[in-house]
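Coordinate inspection notes
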Amino acid sequence: MKRELIVVFMAAVALYLPASQYGFVQDDRAIIASNPAAHSIGAALGAIDDPYWPRESGAGLYRPMTILSYAIDWTMSGGSAGWLHVMNALWHGLATVLFVCVIARWLPPVAAAGAGLVFAWHPVHVEAVASLVGRAELLAAVGILGAVLAARRGWWIGALLCAALAMLSKEHGVIVGVVILLDKWLDSPGRGAACCAPPGRETGLWLGLSAVTVAYLIAWSLIGRAGASDTAAVFFGRGLLGRWAIALPAVLRTGVLLFGPVSLSSDYSPRVIPAYSGLSLAAVVGLCIVIAVPIIMLRYRRRAPLISFASGLAALSYLPTSNLLFPSGIVLAERNLYLAVALPAAIVGLGVVWLEARRGLRLALAATGVIALAFGVRSFVRLPAWRDNRAQLLTLLVEHPESYHGHASAAAVLAGRGDTAGARRQYRLADSLFAGDPYLDAAHAIFLLGLGDTAGAAPLVARLNSPAGSAAHRAVWRARFLFALRRGDREGATAIADSARRYFPSDDAWYRPYLQ
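For clarity, every value in this text was computed on a predicted model and none was experimentally measured.

Helices and strands together make up the secondary structure of the protein, namely 24 helices and 0 strands. Taking 2.2 N^0.38 as the reference for a compact globule, 516 residues should give roughly 24 Å; the C-alpha atoms of the protein span a radius of gyration of 24 Å, in line with that estimate. If you line up the protein on its principal axes, its C-alpha atoms span 80 × 45 × 45 Å. Put simply, 74% of the contacts in the protein that link residues at least 6 apart link residues at least 24 apart.

Structurally, Arg-135 can be placed in helix H8 (residues 135–152). In terms of polar contacts, Arg-135 uses its side chain to reach the side chain of Asp-73, at 2.8 Å. Dropping the residues within four chain positions of it, Arg-135 is found in contact with Thr-66, Ser-69, Tyr-70, Asp-73, Leu-84, Met-87, Asn-88, Trp-91 and Ala-128.

This paragraph deals with the packing of helix H1 (residues 2–16) against helix H5 (residues 81–103). Two elements in contact, H1 and H5, have axes separated by 8 Å at closest approach and are oriented at 150°. The angle between H1 and H5 places the two elements in the roughly antiparallel class. With respect to the hand of their crossing, H1 and H5 are arranged in right-handed fashion. Contacts between H1 and H5 involve Leu-5, Val-8, Phe-9, Ala-12, Val-13 and Tyr-16 on the former and, on the latter, Ala-89, Leu-90, His-92, Gly-93, Leu-94, Thr-96, Val-97, Val-100 and Cys-101.

Let us now look at the nonpolar core. Counting residues in each nonpolar core, the largest one holds 137 residues, and the members touching the most others are Phe-99, Ile-144, Val-176, Phe-309, Leu-313, Leu-337 and Tyr-338. At 10 residues, the largest contribution of residues to this core is made by H8. For Leu-337, the residues in contact, after removing those within four places along its chain, are Val-124, Thr-254, Leu-257, Leu-258, Tyr-318 and Leu-332. Among the nonpolar cores identified, the runner-up in size contains 20 residues, and Phe-24, Leu-61, Ile-67 and Leu-132 belong to it.

What follows deals with helix H15 (residues 342–359). Look at H15: 25 Å from first C-alpha to last across 18 residues, which is about the 26 Å you get at 1.5 Å a residue. If you check which residues of H15 are buried, you get Ala-342, Leu-343, Pro-344, Ala-345, Ala-346, Val-348, Gly-349, Val-352 and Leu-355. In this fold, the buried residues of H15 make contact with H5, helix H6 (109–121), helix H12 (240–259), helix H14 (305–318) and helix H16 (361–382).

Do not read the fine detail of predicted coordinates wherever pLDDT is low. Taken residue by residue, the protein gives an average pLDDT of 92. The fraction at 70 or more is 95%. Across residues 189–195, where pLDDT falls below 50, the model places 19 contacts with residues more than four positions away in sequence or in other chains.

This part covers the side chain of Thr-231. In this structure, Thr-231 sits in the loop between helix H11 (199–224) and H12. Setting aside anything within four residues of it in sequence, one finds Thr-231 in contact with Phe-236, Pro-327, Ser-328 and Gly-329.

Among all residues save glycine, negative phi is the norm, and among peptide bonds the norm is trans. Looking along the chain, the bond that leaves Pro-270 and enters Arg-271 is cis, with omega of 0°. With respect to the helices, strands and loops of the structure, Arg-271 is situated in the loop between H12 and helix H13 (281–299). The backbone phi angle of Asn-323 is positive, close to 70°, even though this residue is not glycine. Position of Asn-323 relative to the elements: it lies in the loop between H14 and H15.

Relative orientation of the contacting elements helix H10 (residues 176–185) and H14 amounts to 165°, with a least axis distance of 10 Å. Taken as axis vectors, H10 and H14 run roughly antiparallel relative to one another. As for how H10 packs across H14, the hand of that crossing is right-handed. Contact residues: Val-178, Val-179, Leu-182 and Asp-183 in H10; Ser-308, Phe-309, Gly-312, Leu-313 and Leu-316 in H14.

Moving on to the packing of aromatic side chains. Enumeration over the complete set of coordinates arrives at 14 aromatic pairs. Here Tyr-427 and Phe-447 contribute two aromatic rings whose centre-to-centre distance is 5.4 Å and whose plane-to-plane angle is 40°, an arrangement assigned as tilted. Of this pair, Tyr-427 sits in helix H19 (residues 420–433) while Phe-447 is found in helix H20 (residues 438–450), placing the two residues 20 residues apart along the sequence. According to the relative accessible area criterion, Tyr-427 is buried, its value standing at 4%. Classification of Phe-447 as buried rests on a relative accessible area of 11%. Each ring, one from Trp-477 and one from Phe-504, has its centre 6.3 Å from the other, and the planes form 75°; the classification is edge-to-face. With Trp-477 in helix H22 (residues 471–486) and Phe-504 in the loop between helix H23 (490–503) and helix H24 (508–515), this pair connects stretches of sequence that are 27 residues apart. Residue Trp-477 shares its accessibility class with Phe-504, and that shared class is buried. Taken together, the ring pairs in this structure connect Phe-481, Trp-510, Tyr-511 and Tyr-514 into an aromatic cluster.

What follows deals with the pattern of salt bridges. Summed over all chains, the structure comprises 17 salt bridges. Here Lys-170 ties to Glu-137 by a salt bridge, and the two come within 2.1 Å at their closest N and O atoms. Of this pair, Lys-170 sits in the loop between helix H9 (156–169) and H10 while Glu-137 sits in helix H8, placing them 33 residues apart in sequence. The buried category is assigned to Lys-170, whose relative accessible area is 7%. A salt bridge links Arg-501 to Asp-508, with the nearest nitrogen and oxygen atoms 2.9 Å apart. Among the charged side chains, a salt-bridge network with shared partners connects Asp-498, Arg-501, Asp-508 and Arg-512.

Attention shifts here to helix H4 (residues 64–77). End to end, H4 covers 20 Å across 14 residues, agreeing with the expected 20 Å (1.5 Å per residue, within 8%). Those residues of H4 that fall on the buried side of the exposure criterion are Pro-64, Thr-66, Ile-67, Leu-68, Ser-69, Tyr-70, Ala-71, Asp-73 and Trp-74. Contact partners of the buried residues in H4: helix H2 (27–33), helix H3 (41–46), H5, H8 and H9. Directly after H4, the chain includes Gly-78, whose backbone phi takes a positive value near 70°.

Quick look at the environment of Ile-41 now. Inspection of the secondary structure puts Ile-41 in helix H3. The class of Ile-41 is partly exposed, set by a relative accessible area of 35%. It is 34 Å that separates the C-alpha atoms of Ile-41 and Val-331, two residues lying 290 residues apart in sequence. Not counting the four nearest positions on each side in its chain, Ile-41 is found in contact with Leu-68, Ala-71, Ile-72 and Thr-75.

What follows is about a nonpolar patch on the surface. Taken together, the side chains of Ile-6, Phe-9, Met-10, Leu-90 and Leu-94 define a hydrophobic patch exposed on the protein surface, amounting to about 420 Å² of accessible area. Among the elements of the structure, H1 and H5 are those that each provide at least two residues to the nonpolar patch. For the nonpolar patch, the leading source of residues is H1, giving 3 residues. The topology assignment puts Phe-9 in helix H1. The class for Phe-9 is partly exposed, based on a relative accessible area of 30%.

What counts and how
- By convention here, each chain's residues receive numbers from 1 onward along its written sequence.
- Local features in this predicted model are restricted to residues whose pLDDT is 70 or higher, and side-chain atom pairs enter the listing and the counts only when it is 80 or higher, whereas totals over whole chains, interfaces and linings include all residues.
- Only hydrogens and water are set aside when side-chain values are computed; all heavy atoms of the structure are taken into account.
- Secondary structure elements follow DSSP: runs of H or I no shorter than four residues count as helices, runs of E no shorter than two count as strands, and numbering proceeds from the N terminus.
- Radius of gyration means the value over C-alpha atoms here, while the globule rule gives 2.2 Å times the residue count to the 0.38 power.
- Any two residues whose heavy atoms approach within 4.5 Å are treated as being in contact.
- Counting of polar contacts relies on pairs of N or O atoms within 3.5 Å, with two restrictions inside protein: one atom must be capable of donating a hydrogen and the other of accepting it, and residues adjacent in sequence are counted only when both atoms are side-chain atoms.
- Geometry is summarised by axes, namely lines fitted to C-alpha atoms with helices restricted to the contacting stretch, and by angles between N-to-C directions that run from 0 to 180 degrees.
- In this scheme, roughly parallel covers angles under 35 degrees and roughly antiparallel covers those over 145, while 65 to 115 is roughly perpendicular and the rest are oblique.
- When the near helix sits turned anticlockwise from the far one by under a right angle, the crossing is termed left-handed; a clockwise turn instead gives a right-handed crossing.
- Among buried residues, those of type Ala, Val, Leu, Ile, Met, Phe, Trp, Tyr and Cys that are joined through side-chain atoms within 4.5 Å constitute a nonpolar core.
- Between buried and exposed lies partly exposed: a residue is buried under 20% and exposed over 50% of the maximum accessible area for its type, with that area taken using a 1.4 Å probe on protein chains only.
- In this scheme, a helix's expected span is set at 1.5 Å multiplied by one less than its residue total.
- Confidence per residue, as judged by the predictor, is encoded in pLDDT with a range of 0 to 100.
- Stacked, tilted and edge-to-face pairs are distinguished by plane angle, under 30 degrees for stacked and over 60 for edge-to-face with tilted covering the rest, among Phe, Tyr and Trp rings (Trp via its six-membered ring) whose centres lie within 6.5 Å.
- Think of a salt bridge as a Lys or Arg side-chain nitrogen and an Asp or Glu carboxyl oxygen that are within 4 Å of each other.
- Two distance rules govern patches: like charges are joined within 9 Å, and nonpolar side chains (Val, Leu, Ile, Met, Phe, Trp, Tyr) within 5 Å, applied only to residues with over 30% relative accessible area and no salt bridge.
- All accessible areas in this document rest on Shrake-Rupley with a 1.4 Å probe, and a residue is counted as covered only by the protein chains that are shown.

Shown next, in the form of structure tokens:
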């Protein structure tokens, strides 16, 4: 399959080479551009016990391999954003090649290559590849797929190294052992061995995987747990059923993105996905999808093991951020669907086999080419949305004016430019789309207090509410502090500042000038 692998690798990389002209966008700035640990290999190794997000942010997470990859790129390029974008494209190419190698167990070379092209050019991947912080998804995918291939061949040391890469790149890398088990479970006579190691080596593999997983979980709990309780604002005050009322429609939206990626978005907060408060048709359909996935895995284990494998991989990779088991910091993000694209790609691969058997290879290749080209064109058109912060925000506002987060971001930009009338208008619009985000309420209140509009800020401050110690609470404390000062309550303001600095010691420099 050398020729096929070269083709899919070049196709995957070529699509994203225009991003070499792009800069740092959104979270790229905090994680890479302003993070000393990402600027040298020594600093990255020295920060092995630091969380992914800067400590002062309180957001936590633990992804030292991702930070190390940025540090290597920064050292090689002198901090060139273009070089980091090229490396993202290369990592995407490697992940695509590994995906093709994994599914080649069940497909002939041409069909596997067709599936690889669909995987390489799927529009959902644009955010993960064009956004530099999407590197975590790419590294985790390389680690998981590499571990599966290594386990099949009995290379247990390679499998352990790949598993460690996956886990230390992003949290959902912990699924690697389950994915290997799934691949072994699908082993059947005549299909090739999923794990062909001798019994002793196989035991060593599982003992090693268990040790690596436990060690990672301990490190994550000690270092990266800080941001684990920070959930999306739409989940504040909601119980299990209230969370599912939003999470299940997000599952439906995920299915639409995977099989009909026409409408894309960098934000899926309300009302891109409505803030449902009870049972909805979208939730019912989403629940049907959740139930259908394990049924498909069991039903097609023998008849179409590739579908079982791809379904399991998609579900396992999406589950940690699905909000079904526990609330996360987002409702949905396209970058988190990187491995889930394995399912539509696998279906296309099987479609090639089916068409070839009934209509001939030429028609099968033509149909696959049409699908892959349609995905490639959509991805290429989408790519400029990640050129810079301005392009990202304008694209969001044009394509999804129902996004409250987009209008809140626009308000902050306009406020920074001194356009107070425009900022007021955007804040009001964001509040009308979704009321209940403490980040938004605090930012709006601080903006109004800066203009001397204490009366306008009062109702916003009165409804400020967020879990104590969460990242959102930093903004809440600042708004309450400034409001107390504006009303002349210096004693109350001092008490608020003292509380805030206990949770966020780095904020001392922010409060000190006001209290002198």
